[in-house]
Amino acid sequence: MKHIALLAILAFGFLSACSTVDVTKTGRGYRPPTNANAVEILMTVPTRPYEELGSITVQGFQLRDEAKMHYAIRAKAAPLGASAVIIQSQGIVPTGFGGGTRWATGVAIGWK
């Protein structure tokens, strides 16, 4: 019985440690890559004119790792030539024992 509990804990730890950032290019044309450190994370739609470059889906980041999640988003949006990423929705998936993992969806944009 102890072995089963130990295996369950290890499996839970392995599954909760997996984080992914998926990007789908939706814009036309090509923009030169930007510096990931310069890509802004926005929580509201900007009033400044922009064009959509791609959609971004993020999942599996630990609750305490919001900054890591944002940097991972920046790193994946920069090759598209993104100036910013608008976070459209985000949340937490409970994993038990008071823990959870973060998820978010957004749009990579470039200033016009």
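Residues numbered from 1 in each chain as written. Predicted model: local features only at pLDDT ≥ 70, side-chain atom pairs only at ≥ 80, totals over all residues. Heavy atoms only, no water.

Enquirer: Sorry if this is basic, but what is going on with the pairing of strand 3 (residues 50–62) here?
Expert: Each regular strand shows side chains that alternate between the opposite faces of the sheet. Judged from the six bridges that link them, strand 1 (residues 20–25) and strand 3 form a sheet pairing that is antiparallel. Residue threonine 20 lies in a different strand from strand 3, and its bridge partner there is glutamine 59. The pairing of strand 3 with strand 5 (residues 99–111) spans eleven bridges and is classified as antiparallel. Each residue of the ladder has a partner; that of glutamine 62, found in strand 5, is threonine 101. (Pairing = 2+ DSSP bridges. Helix = DSSP H or I, 4+ residues; strand = E, 2+ residues; numbered from the N terminus.)

Enquirer: What should I look at first to understand the environment of leucine 42 in this one?
Expert: Position of leucine 42 among the secondary structure elements: in strand 2 (residues 40–42). Separated by 45 residues in sequence, leucine 42 and isoleucine 87 have C-alpha atoms that sit 6.1 Å apart. Discounting chain neighbours no more than four positions away, the residues touching leucine 42 are Ala84, Val85, Ile86, Ile87, Ile109 and Trp111. (Contact = heavy atoms within 4.5 Å.)

Enquirer: Explain the pairing of strand 5 here, please?
Expert: In terms of residue burial, strand 5 counts as a mostly covered element, since ten of its 13 residues are buried. Bridge count for strand 4 (residues 84–96) against strand 5 is eleven bridges, and the pairing is antiparallel. Residue pairing for strand 5: valine 93 is matched across the bridge by threonine 101. The antiparallel pairing of strand 4 with strand 5 creates a hairpin that spans two residues between the two strands, and phenylalanine 97 there sits at a positive phi of about 55 degrees. (Buried < 20%, exposed > 50% of the residue type's maximum accessible area, 1.4 Å probe, protein only.)

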